[in-house]
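What the coordinates show
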Amino acid sequence: MLITLLIPDLIPPPEMRDAALGGLAPPALQTLLARADRTTAPAEGGLDGWLCRAFGVDKQQDWPIAPVTLLADGGEPGKDYWLRADPVHLRATRDKLMLVDSGAFQLTQSEAETYAQAFNAHFSAEGFTLYPLRPDRWYLKLDQPPALTTQPVTAVTGKHLDPYLPQGADGLKWHRLYNEIQMLFFSLPLNDAREARGELTVNSIWLWGGGTPPRITPAGTTRLWANDPTACAIALFAACPNAPLPHHATALADSTDDALVLAGHLRGAAQYGDIIGWREGLQQLETDWFAPLLAMLKAGKVPALRIIVPGAAEIVEWRVTRGMLLKFWRRGSLAGLL
């Protein structure tokens, strides 16, 4: 059984790297990384792009996440073009806007439908229809595919918008659309009520993951272990068995399938610059995953382990086998190994 640990943000962003890694010395992780062979490859699409390639989903203008997750959420994508249109809060910081995703606030289904009704009434002549299938996952159906490429909401969360706005021949049109949506949502009584309750308003949507339902190559014997809705939706689309992420690596001991484990312990903290939260997440990974996996590797229960970090610029992979653990002369600090 080959175990692949997919860990977004194991390499912390440059602006928090020194503070996040300072003084950290998780022994199991350091041993695994030091004894492993390390390779890098150009990234295309971060985590979503890696998952799509792994499960045989071809790229269109975007990685077509919208029709895939739409199906998992109970929708019928048909042959239409869809974009994810996730509700977000845009926060002004000096002369820029920072995106706060739906993980930072709560919406009811009734509230989501109120926003969608206002949107659909306003943009009915544009050939757009907004479907809030879940409070935190909305979908935009278009009459015609746009000449547009987008960035996933996970890439923009906690960051200023400008570098991540849609690109392509229709890009400027969609920039103007964003402004119009902000003005529309700003005027809604629902946002006044949320603000009065001390809750974040929904003052925009983030459009991403556009495409039509893709063809897909069914997965082999790999089983996905994850809590991430996008990863689970892609696996479902690929007819890949999947299960919730267990609390501890020993839950995989009796599995005969290769295991792809998506451990998102560090993602939110990295997105919002939460250094303490990142360090706590890494310690949890050390206790629950790295230490027991190192023990399983030493005992021969696992022939090989891969640790993959899908970043925005590159994908970093470490691969270690039981025999490679004998290379005791390979050492290094965590900061140096990462």
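Okay, so let's go over this structure. Source: prediction; values computed, not measured. For every chain, the first residue of its written sequence is number 1, and the numbers climb from 1 along that sequence. Where local features are concerned, this predicted model is filtered to residues with pLDDT of at least 70; where side-chain atom pairs are given and counted, the filter is 80 or more; whole-chain, interface and lining totals use all residues. Side-chain figures throughout are based on the complete set of non-hydrogen atoms in the structure, without hydrogens or water.

If you look at the biggest cluster of nonpolar residues, it comprises 62 residues, and the most contacted ones within it are Phe119, Trp138, Leu140, Trp174, Phe185, Trp206 and Leu207. Two domains each donate at least three residues to this core, and these are domain 1 (3-58 + 222-336) and domain 2 (65-211). Only buried residues count toward a nonpolar core, which is a set of Ala, Val, Leu, Ile, Met, Phe, Trp, Tyr and Cys residues joined through side-chain atoms within 4.5 Å. Categorising residues by exposure relies on relative accessible area from a 1.4 Å probe, with only protein chains included: less than 20% of the type maximum marks a residue as buried, more than 50% marks it as exposed, and the intermediate range marks it as partly exposed. Residue ranges assigned to each domain were obtained from an automatic or database domain assignment.

Looking now at the state of the cysteines. When two cysteine sulfur atoms are found within 2.5 Å, that pair is recorded as a disulfide. Summed over the entire model, instances satisfying the criterion amount to 0 disulfides. The thiol of Cys52 is unpaired, and the distance to the nearest cysteine sulfur, on Cys240, comes to 13 Å. This cysteine, Cys232, is not joined by any disulfide, and Cys240 carries the nearest cysteine sulfur, 9.7 Å off.

Attention now moves to the environment of Leu24. By secondary structure assignment, the location of Leu24 is in the loop between helix 1 (14-21) and helix 2 (27-35). Note on Leu24: relative accessible area 19%, which makes it buried. For the pair Leu24 and Ser333, spaced 309 residues apart in sequence, the C-alpha separation works out to 8.6 Å. Segments assigned H or I by DSSP are reported as helices when at least four residues long, segments assigned E as strands when at least two residues long, and all are numbered from the N terminus.

Pairs were defined over the aromatic rings of Phe, Tyr and Trp, the Trp ring being its six-membered one, requiring ring centres within 6.5 Å. Orientation was assigned from the angle between planes: stacked under 30 degrees, edge-to-face over 60, tilted for the rest. Within this structure, the stated rule accounts for 8 aromatic pairs. Pairing Phe123 with Phe128 gives two aromatic rings, centres 6.4 Å apart and planes at 45 degrees, and the pair type is tilted. Considered together, Phe123 and Phe128 belong to a single accessibility category, that of buried residues. Between Phe128 and Trp174, the aromatic rings sit 5.3 Å apart at their centres with planes inclined by 40 degrees, giving tilted as the arrangement. Of the two residues, Phe128 sits in strand 5 (residues 128-134) while Trp174 sits in helix 7 (residues 171-186), which places them 46 residues apart along the sequence. The two residues Phe128 and Trp174 agree in class, both being buried. Members of the aromatic cluster, each reached through a chain of ring pairs, are Phe119, Phe123, Phe128 and Trp174.

Further remarks concern the packing of helix 1 against helix 11 (residues 275-298). Put simply, helix 1 and helix 11 touch, their axes get as near as 10 Å, and they point 60 degrees apart. Relative to helix 11, helix 1 is oriented oblique. Regarding helix 1 and helix 11, the two cross each other, and that crossing is right-handed. Here Met16, Ala19, Ala20 and Leu21 of helix 1 lie close against helix 11, whose contacting residues are Ile275, Trp278 and Arg279. Polarity classes work like this: nonpolar for Ala, Val, Leu, Ile, Met, Phe, Trp, Tyr, Cys and Pro, charged for Asp, Glu, Lys and Arg, and polar for all others, with Gly in that last group. The residue makeup of the contact of helix 1 with helix 11, split by class, is 6 nonpolar, no polar and 1 charged. Note on method: axes are straight lines fitted to C-alpha atoms, helices fitted across the in-contact stretch only, with angles between N-to-C directions ranging 0 to 180 degrees. Convention used here: angles under 35 degrees read as roughly parallel, angles over 145 as roughly antiparallel, angles from 65 to 115 as roughly perpendicular, and any remaining angle as oblique. Here is the rule for handedness: rotate from the far helix to the near one, and if that takes an anticlockwise turn smaller than a right angle the crossing is left-handed, while a clockwise turn gives right-handed. Pairs of residues are marked as contacts when any of their non-hydrogen atoms sit within 4.5 Å.

With that settled, the discussion passes to the layout of surface pockets. The probe, sized like a water molecule, is rolled over the atoms to show the empty space still left. A pocket, in this scheme, is an open set of points on a 1 Å grid over the protein atoms alone with protein on both sides within 12 Å along at least 5 of 7 lines, while a cavity is a set where a 1.4 Å probe fits but cannot get out; residues line either one if an atom lies within 4 Å of a point. Grid points are joined across faces, edges and corners, and a volume is the space filled by probe spheres set on the points. Here the largest pocket is characterised by a volume of approximately 990 Å³. For the lining of the largest pocket, the secondary-structure elements that each account for two or more residues are helix 1, helix 3 (46-54), helix 6 (153-156), strand 7 (204-211), helix 10 (267-271), strand 11 (304-310) and strand 12 (314-321). Of the residues assigned to the lining of the largest pocket, the class counts are 20 nonpolar, 12 polar and 10 charged. In this structure, the second largest pocket encloses a volume near 730 Å³. Around the second largest pocket, the lining is made up of 26 residues, and of these Asp101, Thr154, Asp228, Pro229 and Arg267 lie nearest the centre. Breaking the lining of the second largest pocket down by element, the ones donating at least two residues are helix 3, strand 3 (81-93), helix 6, helix 9 (229-237) and helix 10. The greatest single-element share of the lining of the second largest pocket, amounting to 3 residues, is contributed by helix 10. Partitioning the lining of the second largest pocket into residue classes produces 9 nonpolar, 9 polar and 8 charged.

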